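Read off the chains here:
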Amino acid sequence: MNFSWAEFKESIQKFWGKLSRPQKIITVAAPLVVAIALISLLIMASNPSYVTIFKNLSDAEAGEITAELKAMKVNYKLENNGRNILVPEKEAAEIRLALANEGLPQGSKFSWSESLDKMRVGETESDRRLRYILGLQTEIENALTTLSGVEYADVQLAMPEPTLFAEQQEDTTAAVLLKLAPDTQMTEDQVRAIANLLSASVEGLQLENVTISDTYGNLLSDVLKETDSPEKMTASQIELQNQIEENIRKSLQSMLDRAFGHGSTVVRANAILDFDQVKTNIETHGPGAIISESHTSENTINAYPGGTVPGVDTNVPGYEAVDGDGIVSQSEKTSDTINHQVDKTTEEIIRNQGDIRRLSVSVLVDEDKIGFEQLPQIEAIVEAAAGIDREERGDQLQVAALPFDKTNLLATEEALAEQARKEQMRRYIEWAIGAILALAFIFVLYRMRKRKVQEDTLQLEQELQPVPLAAAEELLLAQEEAEREAELRLAQQNQKT
């Protein structure tokens, strides 16, 4: 069926006039929402995604690369104050290869191999040594920039010329300047690792001659001079102490939270550890043990009538002499030594480092949730769980009930509730928009189907209407006329043949 513009406009006006106000709103809003969604998808699809091809570039390197990208007519973006360069993801590989072909980024400002592998005309040994120092500085800088948290490193080496006399030889020194990433702090172990790296890389460099600082003016190498202090705790010892305190706190906090609920108690633990290594040797002897025993006995007999006759015969031991008067002399001596096995016990005791020397635990409870009559029970439970030893170690345990400040807690709860309400409202709005779009689509289909049914019905009614008599006669005459013309044409064709 062919409609003119006037008829089409009139049908639209009739259709619009039959709609109610909500139907009019839905009819207008649904196509707009669909159009906005399609336009947004097209815009998102037309904007390419960017990926980072270079990070943490220097200003000179970033300037050279951006100039080359402009010459290549490549779209790019800058991040991190121009230190990161991003390009379209689809072209990233080709751009990287093209820049590499142009020698960008240049990387090291001093090539180690190119500096030392070639001999230059007129170069002295001092010149070659200078190139060696420059190359060594650059290689150490490149090694330091690979460390986590280090964005930039500058190394200055002072290596005096060797002399013939050792007492006149000056010490080698090194100065390192580090630019750290935001919110990054160098630990003591990292500072010592950097100092050991320089000491092992530079000939004659001692640890005490290494100075390390950052761009904020902090002297990081102070920790190298404090390592010999017996009272200073090392990083590993501090970490062990923090770990023990945190384990005790978590154990007690989880137990109290399970009993009284989260936020009703606060637990803090402070542990003083003993890092002294004590070695004790104990040697024990059995009771009454005799190490050595010696016995000596002597027996002398002299017999003669009428007294002793002085002379040699009477003074020689074991000599018997009988004279004519019947005098007899005899001497006997016995000596023995007895050695006993010593009953000895040796015991060696080495006390482990890191034992708890003193432990202090504080527990704060909310008096609005926990009554004062429960404090003794809490104290007894915490004392047993934490292993408090008041007698030998002098540990301390304090349990107190105070009203908690719930301002931040209430504000957090309100913020969470508000966020939940907004999330729920957003979900309802999404469901409503989806339902409206579905209803609009169903309504449009219903209207289109209804109009099709009406048109088909009207056409069927027109076809089934009885043909008027005059029209039927005219139709019959027209058919007869057409038959006669067809017969005439057929006869003419026969004559020609």
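Just above sits the structure.
Residues numbered from 1 in each chain as written. Predicted model: local features only at pLDDT ≥ 70, side-chain atom pairs only at ≥ 80, totals over all residues. Heavy atoms only, no water.

Novice: What is the right way to read the sheet that holds strand β2 (residues 77-79) from this model?
Specialist: Adjacent strands of a sheet pair through backbone hydrogen bonds, lying either parallel or antiparallel. Here we have 3 strands laid out as an open sheet, ordered β1-β3-β2, and antiparallel in their pairing. Looking along the sheet, the strands with just one partner apiece sit at the ends: β1 (50-54) and β2. Looking at each pair of strands side by side, their axes are set apart by 40 degrees on average, direction ignored. Across 3 bridges, the pairing between β2 and strand β3 (residues 84-88) is antiparallel. Along β3, the bridge assignment pairs L78 with I85. Strand contacts of helix α3 (residues 59-71): β1, β2 and β3, with the helix running at about 20 degrees to β3, the strand carrying the most contacts. (Pairing = 2+ DSSP bridges. Helix = DSSP H or I, 4+ residues; strand = E, 2+ residues; numbered from the N terminus. Axes fitted to C-alpha atoms, helices over the stretch in contact; angles between N-to-C directions. Contact = heavy atoms within 4.5 Å.)

Novice: Just to check I follow, could you spell out the pattern of salt bridges for this structure?
Specialist: Note on pairing: side chains with opposite charge can pair once their charged atoms come close. Evaluation of the coordinates by the stated rule reveals 11 salt bridges. A salt bridge links E161 to R129; the shortest N-O distance between them is 3.9 Å. Of the two residues, E161 is situated in the loop between β4 (150-158) and β5 (172-180) and R129 in helix α6 (residues 125-145); the sequence distance between them amounts to 32 residues. When its relative accessible area of 22% is taken as the criterion, R129 is described as partly exposed. We note a salt bridge from R390 to E383, for which the minimum N-O separation is 3.4 Å. With relative accessibility at 36%, the residue R390 sits in the partly exposed group. A single network of salt bridges, built from pairs that share partners, joins E188, D189 and R192. (Salt bridge = Lys/Arg side-chain N within 4 Å of Asp/Glu carboxyl O. Buried < 20%, exposed > 50% of the residue type's maximum accessible area, 1.4 Å probe, protein only.)

Novice: Can you help me understand unusual backbone geometry in this one?
Specialist: Trans peptide bonds make up the majority, and among non-glycine residues the majority have a negative phi. Of note, the phi angle at K73 is positive, near 60 degrees, even though the residue is not glycine. When you line up the elements, K73 lands in the loop between α3 and β2. The phi torsion at N80 lies on the positive side, around 55 degrees, for a residue other than glycine. Following the sequence through the fold, N80 ends up in the loop between β2 and β3. Of the residues examined, N80 reaches a relative accessible area of 36% and is grouped as partly exposed.

Novice: Before we go on, may I ask you to explain the pairing of strand β12 (residues 355-366) in this structure?
Specialist: Where a strand is regular, its side chains alternate between the two sheet faces. As paired strands, strand β7 (residues 265-274) and β12 are joined by 10 bridges and run antiparallel to one another. Looking at β12, one finds that D274 is bridged to D355. Alignment of β12 against strand β13 (residues 396-402), held across 7 bridges, turns out to be parallel. Looking at the pairing, S362 lines up with Q398 of β13. Traced from β12 through helix α11 (residues 375-386) to β13, the parallel crossover comes out right-handed. (Right-handed = clockwise from strand over helix to strand, strands pointing away.)

Novice: Even after reading the chapter, I still don't get the nonpolar core, so can you show me in this structure?
Specialist: Side chains of a nonpolar character, in soluble globular proteins, are inclined to be buried together. Core analysis: the biggest nonpolar cluster contains 25 residues, and I140, L144, L157, L178, M186, L198 and I212 have the highest contact counts within it. Apart from the residues lying within four places of it in its own chain, the contact partners of I212 are V176, L178, V191, I194, A195, N218, L219, L220 and S221. Ranked by size, the runner-up nonpolar core spans 22 residues in total, among them I244, F275, L375 and A401. (Core = buried A, V, L, I, M, F, W, Y, C linked by side-chain atoms within 4.5 Å.)

Novice: Whenever I open this one, helix α4 (residues 92-101) confuses me. Can you help?
Specialist: Because an α-helix packs 3.6 residues into every turn, residues spaced three or four apart end up facing the same way. If you check which residues of α4 are buried, you get A92, I95 and L99. The arc that holds every buried residue of α4, seen down its axis, measures 65 degrees, which confines them to one face. Opposite its buried face, α4 presents the exposed residues A93, E94, L97 and N101, each directed more than 90 degrees away. Elements in contact with the buried residues of α4: β1, α3 and β3. (Arc of directions from axis to C-beta.)

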